[in-house]
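A closer look at the structure
One-letter residues, chain by chain:
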Amino acid sequence: MAQLTESCAEVSEIVFFLLGAMTIVEIIDAHQGFKLITNSISTRKPRNLLWVTGIVTFFLSSILDNLTSTIVMVSLLRKLVPDKELRKLFGAVVVIAANAGGAWTPIGDVTTTMLWIHGQITTMKTIQDLFLPSAVSLIVPLALMSLSSEMNGKELEPMLASEQMAPRGQLVLAVGVGALLFVPVFKALTGLPPYLGMLLGLGVLWVLTDAIHYGDSERQRLKVPQALSRIDTQGVLFFLGILLSVGSLQSVGVLGELAEFLNSHIPSVELIASSVGLVSALIDNVPLVAASMGMYSMSEWPTDSELWQLIAYCAGTGGSILIIGSAAGVAFMGMERAEFFWYLKKVSGFAFAGYAAGVITYLALSHLALPFPIGS
């Protein structure tokens, strides 16, 4: 019972975070705030839009977490790509880019944040060592997917320009994005869980929208209660089930035994970290990284050693290989009704190629003493 209570508490933090982020994005969308971004993307060629989507998500995820970045970008894609099947491919690119972007900064992914808080990695060293491998892990899938027939077809249909930005839409966009960006700052300043920062930002936006639309019954859909009724609660419940399943594996000791098996049967650090990344495609990377942190002592592997940097990269980007391997993938799965086997057939090969290319890039840079020149 104690383990179930602890697991539910941990999962609930992520679920409340997800609900807060989805509601903020829904409020911005209801005010047509994203039109400022979608209108600035002029390209209608699928291949060009693929690269724009990947690059924007990559850098957005380095500031926000990969889960929030996926929610924001998939919401944008609904405005840019009307065809549902084609939008799934763009959404898959968002998952790959969000996981790659989250791997090279301490605040971009839960696992890098864990390693950062516990002292296994530092900010500048992580950016210096992991930026280029993370970029390669995105560029390779983008290049390969650009060659597919879907990305070389006819131009996308122009967006309908009938919808106008709601009153104070720019203000709501600024406050909403500011609320999302404030979450890592809130955590750093207070030490409280990130979901509380997300709910605080939602509360500020709630007060703002109620004040803006006070007394106007026709604008009820622009307020938070109506936004809460429109978010994808089925997707959130599915997400809850996935995380509770992973928590049960952790509670019975399966994950710890797996980590011990890797330690005893795989001789090199590179292979151990790469294996962690591959396993994270099947199992949530948070308990995997937590198990790894418990297995390897800081006295043997000090701060910023190759093991910790590789685990940060591999656990983050390896989750892109399967759709259930990351929070970003599960969120995309719920939002766009993407199927596991569709992702396995259409995307997994590209994601694995990028993952492997990133590992090779990291090893080449570290063994050839060619660090990425940040701060040098």
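What counts, and at which threshold
Residues numbered from 1 in each chain as written. Predicted model: local features only at pLDDT ≥ 70, side-chain atom pairs only at ≥ 80, totals over all residues. Heavy atoms only, no water. Salt bridge = Lys/Arg side-chain N within 4 Å of Asp/Glu carboxyl O. Helix = DSSP H or I, 4+ residues; strand = E, 2+ residues; numbered from the N terminus. Buried < 20%, exposed > 50% of the residue type's maximum accessible area, 1.4 Å probe, protein only. Axes fitted to C-alpha atoms, helices over the stretch in contact; angles between N-to-C directions. Parallel < 35°, antiparallel > 145°, perpendicular 65-115°, else oblique. Left-handed = near helix turned anticlockwise from the far one by under 90°. Contact = heavy atoms within 4.5 Å. Nonpolar A, V, L, I, M, F, W, Y, C, P; charged D, E, K, R; others polar. Patch = residues over 30% accessible without salt bridge, like charges linked within 9 Å, V, L, I, M, F, W, Y side chains within 5 Å. Areas by Shrake-Rupley, 256 points an atom, 1.4 Å probe, with all protein chains shown as cover. Phe/Tyr/Trp six-rings, centres within 6.5 Å; stacked < 30°, edge-to-face > 60°. pLDDT = per-residue confidence, 0-100. Expected span 1.5 Å × (residues − 1). Bend = angle between axes of the 7 residues up to and from the residue.

Some points on the pattern of salt bridges
The full count for this structure, using the stated rule, is 5 salt bridges. Lys 125 is the salt-bridge partner of Asp 129, the closest N and O atoms lying 3.5 Å from each other. Within this pair, Asp 129 and its partner Lys 125 are both found in helix H7 (residues 123-146), separated by 4 residues, close to a single helical turn. A relative accessible area of 12% places Asp 129 in the buried class. Among the residues examined, Lys 125 registers a relative accessible area of 30% and is labelled partly exposed. Taken together, the salt bridges that share partners define one network made up of Arg 78, Arg 87 and Glu 336.

A closer look at the packing of helix H3 (residues 46-63) against helix H4 (residues 66-80)
How two helices pack is summed up by the angle between their axes together with the distance between the axes. The N-to-C vectors of H3 and H4 enclose an angle of 150°; their axes lie 9 Å apart at closest approach. It follows from the interaxial angle that H3 and H4 lie roughly antiparallel. Considering the relative orientation of H3 and H4, their crossing is right-handed. Of H4, the residues touching H3 (which contributes Leu 49, Thr 53, Val 56, Thr 57, Leu 60 and Ser 61) are Asn 66, Ser 69, Val 72, Met 73, Leu 77 and Leu 80. Partitioned by chemical class, the residues of the contact of H3 with H4 number 7 nonpolar, 5 polar and no charged.

Section: a nonpolar patch on the surface
A cluster of nonpolar side chains, Phe 182, Val 185, Leu 189, Leu 200 and Val 204, forms an exposed patch at the surface whose accessible area comes to about 450 Å². Sorting elements by how many residues they give to the nonpolar patch places helix H8 (residues 169-190) first, with 3 residues. Mapped onto the secondary structure, Leu 189 falls in helix H8. The exposure class assigned to Leu 189 is exposed, which follows from its relative accessible area of 68%.

Focus: the packing of aromatic side chains
The description of an aromatic ring pair uses the distance of the two centres, along with the angle that the planes make with each other. Scanning the model with the defined rule gives 10 aromatic pairs in all. For the ring pair Phe 58 and Phe 131, a centre distance of 6.0 Å and an interplane angle of 65° mean the geometry is edge-to-face. Here Phe 58, found in helix H3, pairs with Phe 131, found in helix H7; they are 73 residues apart in sequence, far enough to count as distant. Each member of the pair, Phe 58 together with Phe 131, is buried. Note on Phe 59 and Trp 104: the rings are 6.4 Å apart at their centroids and 85° apart in plane angle, and the pair reads as edge-to-face. Of this pair, Phe 59 sits in helix H3 while Trp 104 sits in the loop between helix H5 (84-102) and helix H6 (110-117), placing them 45 residues apart in sequence. Residue classification places Trp 104 among the buried residues on the basis of a relative accessible area of 9%.

Here's the deal with unusual backbone geometry
Here the phi dihedral of Asp 304 falls at roughly 65°; this positive angle occurs in a residue that is not glycine. Considering the arrangement of structural elements, one finds Asp 304 in the loop between helix H14 (285-295) and helix H15 (306-317). Even without being a glycine, Arg 337 presents a positive backbone phi close to 55°. Along the chain, the position of Arg 337 falls in the loop between helix H16 (327-336) and helix H17 (340-346).

Observations regarding the packing of H3 against H5
Two numbers describe how H3 lies on H5: the axes approach to 7 Å, and their chain directions differ by 35°. H5 is crossed by H3, and the crossing has right-handed handedness. Contacts between H3 and H5 involve Pro 46, Leu 49, Leu 50, Thr 53, Gly 54, Thr 57, Phe 58, Ser 61 and Ser 62 from the first element and Phe 90, Val 93, Val 94, Ala 97, Ala 98, Ala 100, Gly 101 and Gly 102 from the second.

Observations concerning the environment of Ile 96
Following the sequence through the fold, Ile 96 ends up in helix H5. With 232 residues separating them along the chain, Ile 96 and Ala 328 place their C-alpha atoms 8.6 Å apart. Discounting chain neighbours no more than four positions away, the residues touching Ile 96 are Ser 137, Leu 138, Pro 141, Ser 320, Tyr 343, Val 347 and Ala 351.

Looking at the environment of Phe 352
Mapping Phe 352 onto the fold places it in helix H18 (residues 348-367). A sequence separation of 212 residues divides Phe 352 from Val 140, and the C-alpha atoms of the two residues are 9.6 Å apart. Among residues more than four places away in sequence, those in contact with Phe 352 are Leu 278 and Ile 321.

A short note on the confidence of the model for the protein
For the protein, mean pLDDT is 80; residues scoring 70 or higher make up 88% of the total. Long-range and interchain partners of residues 371-376, a stretch whose pLDDT sits below 50, account for 8 contacts in this model, where long-range means more than four residues apart.

Side note on H8
The end-to-end C-alpha distance of H8, which contains 22 residues, comes to 30 Å, matching closely the 32 Å that a straight helix rising 1.5 Å per residue would cover. The largest bend in H8 comes to about 35°, at Phe 182, with the proline Pro 184 one to four residues further on. Every buried residue of H8 is accounted for by Gly 169, Val 172, Leu 173, Gly 176, Ala 179, Leu 180, Val 183 and Phe 186. One or two steps after H8, the chain reaches Gly 191, where phi turns positive at roughly 75°.

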